[in-house]
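Take a look at the letters that make up each chain.
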Amino acid sequence: MRQLILQKLVEHPGKAVSGEALAHLTGLSRVAIWKHVEALKQAGYNITGIRGQGYILRDWQNVIDSDRIQMLLNTRNLGDRIYHVNETKSTNTTARQMILEQQVPEGTVIIAARQTGGRGRQGRKWHSPVGGLWFSVVLFPRLELQRAALLSLVMAVAVARGLEKWTENSCQIKWPNDIFINGHKVGGILLELSGELDGLHSLIVGVGINVNNSVNNFSSDLRNIGTSLVDETGSTLDLNEVIVSVIESMEKYYDSFLKGDDNLIMDEFRELCLHLGKEISIDLGGHLVKGVNTGIDINGSLLVDDGMTEHSITTGDVHLI
Ligand code: BTN
């Protein structure tokens with residue numbers, strides 16, 4: 001019922017919805033409506049009650065609400081359990097702790113409104129203020145470790161496709177899993193695996209997407225290379241609606257991968273790839289390889305032809321020349 005009330009208010013942002021209309025919609029008394037509205041306020045929503053007019057909802061887009069996400073979500077099991085915290089160091093670290101300390105079902109999602117020690121690939125920091133989407137998904141795929149490398153591309157395709165609805169199909173991928181719009185990075189993925197030689201035990205997929213956190217508030221070193229959905233689309237988006245599209249897409253591509261449909265993933269990756277057929281350089285920890293990116297192989301490695309040799313690269317940072 002509470003979600004029904006909220007949905008009605010979301011559909012009329014900044015406008016008064018009468019207690020009577022809400023009572024009619026839900027079949028509840030106006031006192032019961034008032035109680036639900038108070039609970040929504042407790043959950044962080046900015047709702048003003050005006051006597052004789054009704055309830056007005058404002059600035060709801062950055063309120064992460066696991067009940068709302070679950071109401072909107074249409075998945076098999078991804079997001080069946082959602083843990084939401086206002087602040088944590090890193091949702092990947094929280095997810096790891098949870099796996100060590102308790103039974104965590106596959107598909108569990110951990111979301112934080114902000115991270116104080118967000119982590120990026122290659123030991124970098126990940127700036128994670130309120131307004132962005134910072135979350136981790138816990139998976140337990142039964143796989144050989146060798147096949148796990150492809151998961152990086154699977155998740156990149158999934159996130160890029162999941163954001164299409166909000167970006168008029170303008171997302172691209174920089175290998176292995178940076179999400180770009182108009183030449184600027186809007187999101188990234190940090191995959192953390194644990195396993196032994198016999199195979200993978202757990203996988204934490206950490207996803208960071210700049211949504212309503214505008215580049216105007218980025219540090220000067222990030223301002224020229226990064227972007228956010230609000231900067232690209234001009235609209236403040238509902239974080240809950242954005243995460244729903246991304247999670248649904250993650251499940252879709254993850255299922256294809258588990259079924260062995262690697263060709264679908266590879267084809268989509270190639271279609272979305274920012275630098276396929278282009279001249280790139282890639283830093284392999286001090287040793288620079290320059291050449292044309294001729295493709296991606298079935299293990300997810302990047303193929304770079306320097307005119308003499310075709311290199312198969314498993315890790316590094318791509319730069320467009
Ligand atoms: C990158 O592009 O370097 C990857 C960035 C990944 C950031 C996300 S935010 C949620 C999760 N928790 C973290 O500490 N990192 C990932």
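As the structure is a computational prediction, the values presented were derived from the model and not from experiment.

Chemist: Quick question: what am I supposed to make of the sheet that holds strand S9 (residues 184-196) here?
Modeler: Strands pair in a sheet through their backbones, by hydrogen bonds, and they do so in one of two ways: parallel or antiparallel. Taken in spatial order, the 7 strands make up an open sheet running S4-S5-S6-S10-S9-S8-S7, and their pairing is mixed. Only two strands of the sheet have a single partner each, and these edge strands are strand S4 (82-88) and strand S7 (171-174). Strand after strand, the sheet turns through a mean of 20 degrees between neighbouring axes, direction not considered. Pairing between strand S6 (residues 133-139) and strand S10 (residues 199-209): 7 bridges, direction antiparallel.

Chemist: Teacher, can you tell me more about a nonpolar patch on the surface here?
Modeler: Taken together, the side chains of Met1, Leu4 and Leu25 make up a nonpolar region of the molecular surface, amounting to roughly 270 Å² of accessible area. Counting through the fold element by element, Met1 comes out in the segment before helix H1 (2-11).

Chemist: I'm lost on the pattern of salt bridges in this one. Help?
Modeler: Pairs may arise between side chains of opposite charge once their charged atoms sit close together. In this structure the tally under the stated criterion is 15 salt bridges. Here Arg161 makes a salt bridge to Glu164, at a shortest N to O gap of 2.6 Å. Here Arg161 pairs with Glu164, and both are found in helix H6 (residues 145-167), just 3 residues apart, close to one helical turn. The same class applies to Arg161 as to Glu164, namely buried. Between Glu271 and Arg161 there is a salt bridge, with its nearest N and O atoms 3.1 Å apart. You can see Glu271 sitting in helix H10 (residues 262-272) and its partner Arg161 sitting in helix H6, a full 110 residues away along the chain. On the accessibility criterion, Glu271 (60% relative accessible area) is exposed. A relative accessible area of 17% places Arg161 in the buried class.

Chemist: Could you clarify how one ought to interpret unusual backbone geometry in this entry?
Modeler: Outside of glycine, negative phi angles account for most residues, and trans bonds account for most peptide bonds. Note that the residue after Trp175, namely Pro176, is joined by a cis bond; omega there is 0 degrees. For Pro176, the location among the structural elements is in the loop between S7 and strand S8 (178-181). Even without a glycine there, the phi angle at Asn169 is positive, about 60 degrees. With respect to the secondary-structure elements, Asn169 resides in the loop between H6 and S7.

Rules used throughout
Residues numbered from 1 in each chain as written. Predicted model: local features only at pLDDT ≥ 70, side-chain atom pairs only at ≥ 80, totals over all residues. Heavy atoms only, no water. Pairing = 2+ DSSP bridges. Helix = DSSP H or I, 4+ residues; strand = E, 2+ residues; numbered from the N terminus. Axes fitted to C-alpha atoms, helices over the stretch in contact; angles between N-to-C directions. Patch = residues over 30% accessible without salt bridge, like charges linked within 9 Å, V, L, I, M, F, W, Y side chains within 5 Å. Areas by Shrake-Rupley, 256 points an atom, 1.4 Å probe, with all protein chains shown as cover. Salt bridge = Lys/Arg side-chain N within 4 Å of Asp/Glu carboxyl O. Buried < 20%, exposed > 50% of the residue type's maximum accessible area, 1.4 Å probe, protein only.

Such coordinate-based values are descriptive only and should not be taken to indicate function.
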